Amino acid sequence: MKAIPETVSPEICTRAEFTDSKFIEIETNGLFEVSMQYPLLGMNNSVNKCLVREEVYEMLLDAAAKLPTGFRFKIMDAWRPFNLQKELYEVYSDDIIRYFNLENHSDEQKKEFISNFVSEPVFNKDVPPVHTTGGAVDLTIIDSYGTELNMGTGFDSFSEKAYTSYFEKMDDFEIRDNRRLLYNIMTEAGFTNLPSEWWHYDFGDRFWAYYKETDALYKGFFSEEEINEKR
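Values in this document were obtained by computation on a predicted structure and should not be read as measured data. (Residues numbered from 1 in each chain as written. Predicted model: local features only at pLDDT ≥ 70, side-chain atom pairs only at ≥ 80, totals over all residues. Heavy atoms only, no water.)

Colleague: For this particular structure, what's the right way to read the overall build of the chain?
Modeller: Broken down by element type, the chain carries 7 helices and 7 strands. From first element to last, N terminus to C terminus, the chain shows the α and β order β-β-α-β-α-β-α-α-β-α-β-β-α-α. Against the 2.2 N^0.38 benchmark of 17 Å for 231 residues, the chain shows a C-alpha radius of gyration of 17 Å, consistent with a compact globule. Structurally, the chain occupies a C-alpha span of about 45 × 40 × 35 Å along its principal axes. The buried share of the chain, reckoned over its 231 residues, is 53%. Contacts in the chain between residues far apart in sequence, at least 24 positions, make up 76% of those at least 6 positions apart. For the chain, the accessible area works out to roughly 11000 Å², and carbon and sulfur atoms hold 45% of it. Placing the 24 positive and 42 negative side-chain charges of the chain at their respective mean positions leaves the two points 2 Å apart. (Helix = DSSP H or I, 4+ residues; strand = E, 2+ residues; numbered from the N terminus. Rg over C-alpha atoms; globule rule 2.2 N^0.38 Å. Buried < 20%, exposed > 50% of the residue type's maximum accessible area, 1.4 Å probe, protein only. Contact = heavy atoms within 4.5 Å. Areas by Shrake-Rupley, 256 points an atom, 1.4 Å probe, with all protein chains shown as cover. Lys, Arg positive; Asp, Glu negative; His and termini not counted. Charge placed at Lys NZ, Arg CZ, Asp CG, Glu CD.)

What follows is the structure in structure tokens.
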């Protein structure tokens, strides 16, 4: 498997040519286990439905078909309402500042660093938090027993070890190879990866547009009511 390259964090990409793409709900089946984490973590504005754009769903089907026999994707988060994005930013910012010893940094430096892990909840549907577009998905791989492969950290772990390429320079080849498996299958399917989160992949949103040097395809949808009007 190809090594995971070190990649810079995405900059804000305002280029866009939006498409009118519908949302698909993914449910647990032979290819996917849906386990939305924020309801389990008690977030007030979380949703149980796993919603992604139609193109993202088709690409996930393609990626899942390339997993080893008996393995499936476990999807932990996909589309988020804006209020959940705002809640996550408020809940996690202090943890990130404390873990990375940012207390004495400027507010702008803190904000820039926090954005490596949680997008700022800017209320702009043309340049939205990526999870509000239906183009971002957080996932891992499980084996035939439903056990998650060892990726070195859990979901939403805000540390150096969460960076996708972290274990490329370590001696733990099991974790390295598990991350390579996820990374190579997802990128070959057309997704891009957020380098600070091994579990986060994008298509059609502004992160993907930045790395592909092209236009973003998806606007933000900030509530489930907006999505229902479209479906």
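Colleague: It is not clear to me how the pairing of strand S3 (residues 50-53) should be interpreted in this structure. Could you clarify?
Modeller: Look at any regular strand and the pattern is simple: side chains alternate between the two faces of the sheet. Both faces of S3 are covered, namely the face carrying Cys50 and Val52 and the face carrying Leu51 and Arg53. Of the pairings in the sheet, the one linking strand S1 (residues 23-26) to S3 comprises 4 bridges and is antiparallel in character. Note that in S3 the partner of Ile26 across the bridge is Cys50. (Pairing = 2+ DSSP bridges.)

Colleague: Can you help me understand the sheet that holds strand S4 (residues 72-77) in this one?
Modeller: By definition, the strands of a sheet pair up through backbone hydrogen bonds, in either a parallel or an antiparallel sense. In space, the 5 strands of this open sheet follow the order S2-S4-S5-S7-S6, with mixed pairing throughout. Of all the strands in the sheet, just strand S2 (32-34) and strand S6 (192-193) have a single pairing partner and so form its edges. As paired elements, S2 and S4 share 3 bridges and run parallel to each other. Across the sheet, residue Phe32 finds its bridge partner in S4, namely Phe73. Together, S4, strand S5 (136-142), S6 and strand S7 (200-202) form the strand contacts of helix H5 (residues 173-188), whose direction differs from that of S5 by roughly 135°. (Axes fitted to C-alpha atoms, helices over the stretch in contact; angles between N-to-C directions.)

Colleague: Help me understand unusual backbone geometry in this model?
Modeller: For residues other than glycine, phi is negative in most cases, and the peptide bonds are mostly trans. We note that Asp156 has phi near 55°; this positive angle belongs to a residue other than glycine. The residue Glu213 is not glycine, and still its phi comes out positive at about 55°. Locating Glu213 in the fold gives a position in the loop between helix H6 (206-212) and helix H7 (224-230).

Colleague: Sorry, what's going on with the environment of Asn193 here?
Modeller: Turning to its location among the elements, Asn193 is positioned in strand S6. In this structure, the C-alpha to C-alpha distance between Asn193 and Gly134, residues 59 residues apart in sequence, is 15 Å. The residues touching Asn193, leaving out its near neighbours within four places in the chain, are Thr164, Tyr183, Trp198, His200, Tyr201 and Tyr211. Engagement of the side chain of Asn193 in a polar contact is seen with the side chain of Thr164, the distance being 2.7 Å. (Polar contact = N/O pair within 3.5 Å; in protein donor to acceptor, adjacent residues only side chain to side chain.)

Colleague: It is not clear to me how the pattern of salt bridges should be interpreted in this structure. Could you clarify?
Modeller: A pair can form between side chains of opposite charge whenever their charged atoms are brought close. Here the structure, examined in full by the defined rule, presents 14 salt bridges. A salt bridge links Arg72 to Glu33; the shortest N-O distance between them is 3.5 Å. With a gap of 39 residues between them, Arg72 in strand S4 and Glu33 in strand S2 connect regions that are remote in the sequence. Each member of the pair, Arg72 as well as Glu33, is classed as buried. A salt bridge links Glu148 to Lys74; the nearest nitrogen and oxygen atoms lie 2.7 Å apart. Here Glu148 is found in the loop between S5 and H5, whereas its partner Lys74 is found in strand S4, with 74 residues between them in sequence. Taken together, the shared-partner salt bridges in this structure form one network comprising Asp77, Arg80 and Asp138. (Salt bridge = Lys/Arg side-chain N within 4 Å of Asp/Glu carboxyl O.)

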